[in-house]
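One-letter residues, chain by chain:
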2 protein chains.
Amino acid sequence: MDVGVTLPSLKSVCATCSMRELCMPIGLSDTDLAHIDTLVGARTRLRKGETLYRAGDPLTGLFAVRVGSLKTAVLAEDGREQVAGFHMSGEIVGLDGMGTEWHVSHAVALEDSEVCVMPLERLEKLAHDMPTLQRNLRRFLAREIGRQQSVMLMLGSMRAEERLAAFLLDLGARYRRRGYSGSEFVLRMTREEIGSYLGLTLETVSRLLSRFQQEGLIRVQGRGVTLLDQPALRELCGRKA
Amino acid sequence: MDVGVTLPSLKSVCATCSMRELCMPIGLSDTDLAHIDTLVGARTRLRKGETLYRAGDPLTGLFAVRVGSLKTAVLAEDGREQVAGFHMSGEIVGLDGMGTEWHVSHAVALEDSEVCVMPLERLEKLAHDMPTLQRNLRRFLAREIGRQQSVMLMLGSMRAEERLAAFLLDLGARYRRRGYSGSEFVLRMTREEIGSYLGLTLETVSRLLSRFQQEGLIRVQGRGVTLLDQPALRELCGRKA
DNA sequence: CGACTAGTTGAGGCCAGTCAATGTTGGTGG
DNA sequence: CCACCAACATTGACTGGCCTCAACTAGTCG
């Protein structure tokens, strides 16, 4: 990848970043973009398995995923981990801490990844003079709320096969939005993490993937997945009345 | 209640509102409060069962619950309803729409209630000149994220009895924060709504309430609930490793 | 009082969890 | 390059928790 180490390229990171429209969906003028660039403090690389922040850490800023993917998860008191979300390039992580000044979840890289760090104090200052950024910020928070609401819907009222179908379709849609194939992709997470996210056990996830394959809905080869019959998958997770 | 119809009292609604610290947790100066008052457009009364907004409605503003309580819920395509939250006095509803300009959930009064309306355009204008409000606004969104994350944890990894215990304790804590008893209160919602929120059926909720009573953890009399043994309830929903 | 909604309780079945054995993959070091 | 190991994944047998269906009761409101 073009992971710039040269200073010149760093100077206009955002303006040339292919993930720009995802990070900052509302149109920014060129001068705005120049300002945004001053926001991004540094880019951090994470190796697979490395932790970006932990629950309890003070919130120092937000992070934009530039390359790779992360999971965020919360811990119950007894140590059980519940995956709260998977985050790919162009998405913002760290929002969970903005209510309390500390993070309530932790974020771990699922593969070698790179994130842009946006320190909080710069964010606040910049947001004050820049209504557009302000609006974007709120939009992120609100979008996160919407996302979580659909997860709650899923966990609360869907059966296992419906959840998995919805999960696969969602992943596909997100890859498509990034210019990748929406029907053929590689799972970056383990069966256990998928299960945790969906409120299922890893065995159930594995069994269902096998069954979906047998039924001709998908093809699975380890972590590689091909969605063969998306209408049927949609049918599966949609109406059942 | 002192539901003011006189204009003078309306002029300084927020300054005297007992729910102030809940609505606006970050200290506001007196002049700030005066400004906030200009924010609150009107107070609306809702009879039990009345709808405050529906999914698809354009987002016109936020609502602060002043008296009573509401539920918010989302609809699946097939018409199933999933309760997303219960909201009591001092809480803000309507945040769900801020990502998209339209509401994604609907809000219904569980009892006769009263909400303060905060029109969006005033909110935006005021927030621009008032960093404190700005921060409060973000804080609400972020707090909502945190709340939903714990619901996800609950739905994803707790068993039925754990969920119900957590639910009862949460309700108690919220009543206590409002100056009511935290161990003796009235459920404002039906068993079915509780079940929908917890991802259970109404029968399971009913059975569990009976069982909790048999075990001496609570006392139930229709919608009246007394928490008799909170430590045990906490034990129930906490560690099980 | 009848009609309706909300709630309780029971019987039975199924979906998904648990436990366990085996297979597969990828990384590491000799 | 291969052997080895650990983590990840698959599959089967069994169990049990929760859902479904159903009957019955308790309030509530015209």
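Chains are numbered independently. Their residues run from 1 in the order of the written sequence. Chains carry letters from A onward and ligands carry numbers from 1 onward, assigned in written order. Only residues with pLDDT of 70 or above have their local features reported here, since the model is predicted, and side-chain atom pairs are shown and tallied only from 80 upward, although totals for entire chains, interfaces and linings are computed over all residues. Heavy atoms from the whole structure form the basis of all side-chain values; hydrogens and water molecules are not counted.

Asks: So, the overall build of chain A: which residues are in play, and what are the values?
Replies: Secondary structure assignment for chain A yields ten helices and eleven strands. Any residue under 20% of the maximum accessible area for its type is buried, any over 50% is exposed, and the rest in between are partly exposed; the area is computed with a 1.4 Å probe on protein chains only. Counting over 241 residues, chain A shows a buried share of 56%. In what follows, residue pairs with any heavy atoms lying within 4.5 Å of each other are defined as contacts. Residue pairs at least 24 apart in sequence account for 74% of intrachain contacts in chain A once pairs closer than 6 positions are excluded. Every accessible area reported is derived by Shrake-Rupley at a probe size of 1.4 Å, with residue values counting cover from the shown protein chains alone. Working note: accessible area of chain A is about 11,000 Å², and carbon and sulfur atoms make up 53% of it. Only DSSP runs of H or I reaching four residues or more are called helices, and only runs of E reaching two or more are called strands; each is numbered from the N terminus.

Asks: Quick rundown of the sheet that holds strand β11 (residues 224-227) of chain A? Include the residues and the values.
Replies: Residues and elements named next belong to chain A. We call two strands paired when DSSP finds no fewer than two bridges between them. In space, the three strands of this open sheet follow the order β9-β11-β10, with antiparallel pairing throughout. Where the open sheet ends on each side, the last strands, each with one partner, are β9 (184-186) and β10 (218-221). Ignoring which end each strand starts from, the neighbouring axes of this sheet average 15° apart. Alignment of β9 against β11, held across three bridges, turns out to be antiparallel. Under this scheme, a helix contributes an axis fitted over its contacting stretch, all axes are lines through C-alpha atoms, and angles between N-to-C directions fall in the 0 to 180 degree range.

Asks: Which residues make up the protein's contact with DNA strand D, and what values go with them?
Replies: Residues in close proximity to DNA strand D total 16 residues, the closest being Arg191, Ser206, Arg207 and Ser210 of chain A together with Thr204 of chain B. For DNA strand D, the backbone makes up 64% of the atoms found within 4 Å of the protein, where backbone means sugar plus phosphate. Contact between DNA strand D and Arg223 of chain A: a phosphate oxygen at 3.1 Å from a side-chain N or O atom of the residue. Looking at the surface near DNA strand D, the elements that each hand over two or more residues are α9 (202-214) of chain A together with α9 (202-214) of chain B. Proximity is defined per residue: any heavy atom of the residue falling within 4 Å of a molecule or strand makes that residue near it. By the criterion applied in these results, polar contacts are pairs of N or O atoms within 3.5 Å in which, for protein atoms, one can donate a hydrogen and the other can accept it, and in which residues neighboring in sequence qualify only through two side-chain atoms.

Asks: Give me the interface of chain A and chain B: which residues, what numbers.
Replies: At the interface, 40 residues of chain A touch 40 residues of chain B. Taken together, the two surfaces of chain A and chain B that pack against each other cover about 3,900 Å², and 58% of this comes from carbon and sulfur. Here, a salt bridge means any side-chain nitrogen of Lys or Arg that lies within 4 Å of a carboxyl oxygen of Asp or Glu. Counting every contact that joins chain A to chain B gives one salt bridge. The shortest N-O distance in the salt bridge between Arg139 of chain A and Glu101 of chain B comes to 2.8 Å. The interface formed by chain A and chain B contains five residue pairs in polar contact (both at pLDDT 80 or more). Throughout, the accessible surface (probe 1.4 Å) given up by two parts as they are put together, summed over both, is called the buried area.

Asks: How would you summarise the packing of helix α7 (residues 160-177) of chain B against helix α10 (residues 230-237) of chain B if you had to cite specific residues and measurements?
Replies: Residues and elements named next belong to chain B. The interhelical angle for the contact between α7 and α10, taken along N-to-C directions, is 130°, at an axis separation of 8 Å. Classed by the angle they form, the pair α7 and α10 counts as oblique. Relative to α10, the crossing made by α7 is left-handed. Two secondary-structure elements touch here, α7 through Glu161, Glu162, Ala165, Ala166, Leu169 and Arg176 and α10 through Gln230, Leu233, Arg234, Leu236 and Cys237. Gly is put with the polar residues, along with every residue not named as nonpolar or charged; the nonpolar set is Ala, Val, Leu, Ile, Met, Phe, Trp, Tyr, Cys and Pro, and the charged set is Asp, Glu, Lys and Arg. Considering only residue class, the contact of α7 with α10 consists of six nonpolar, one polar and four charged. By the definition adopted for this analysis, an angle is roughly parallel if under 35 degrees, roughly antiparallel if over 145, roughly perpendicular if from 65 to 115, and oblique otherwise. It is the rotation of the near helix from the far one that decides the hand of a crossing: anticlockwise by less than a right angle makes it left-handed, clockwise makes it right-handed.

Asks: How would you summarise the protein's contact with DNA strand C if you had to cite specific residues and measurements?
Replies: Near DNA strand C lie 16 residues; those nearest to it are Ala160 and Thr204 of chain A together with Ser206, Arg207 and Ser210 of chain B. Taking all atoms of DNA strand C within 4 Å of the protein, the share assigned to sugar and phosphate is 62%. Within the side chain of Thr201 of chain A, a nitrogen or oxygen atom sits 3.1 Å from a phosphate oxygen of DNA strand C. Mapped by element, the contributors of at least two residues to the surface near DNA strand C are α9 of chain A together with α9 of chain B. It is α9 of chain B that provides the largest number of residues to the surface near DNA strand C, a total of five residues. Looking at the surface near DNA strand C, its residues break down into three nonpolar, six polar and seven charged.

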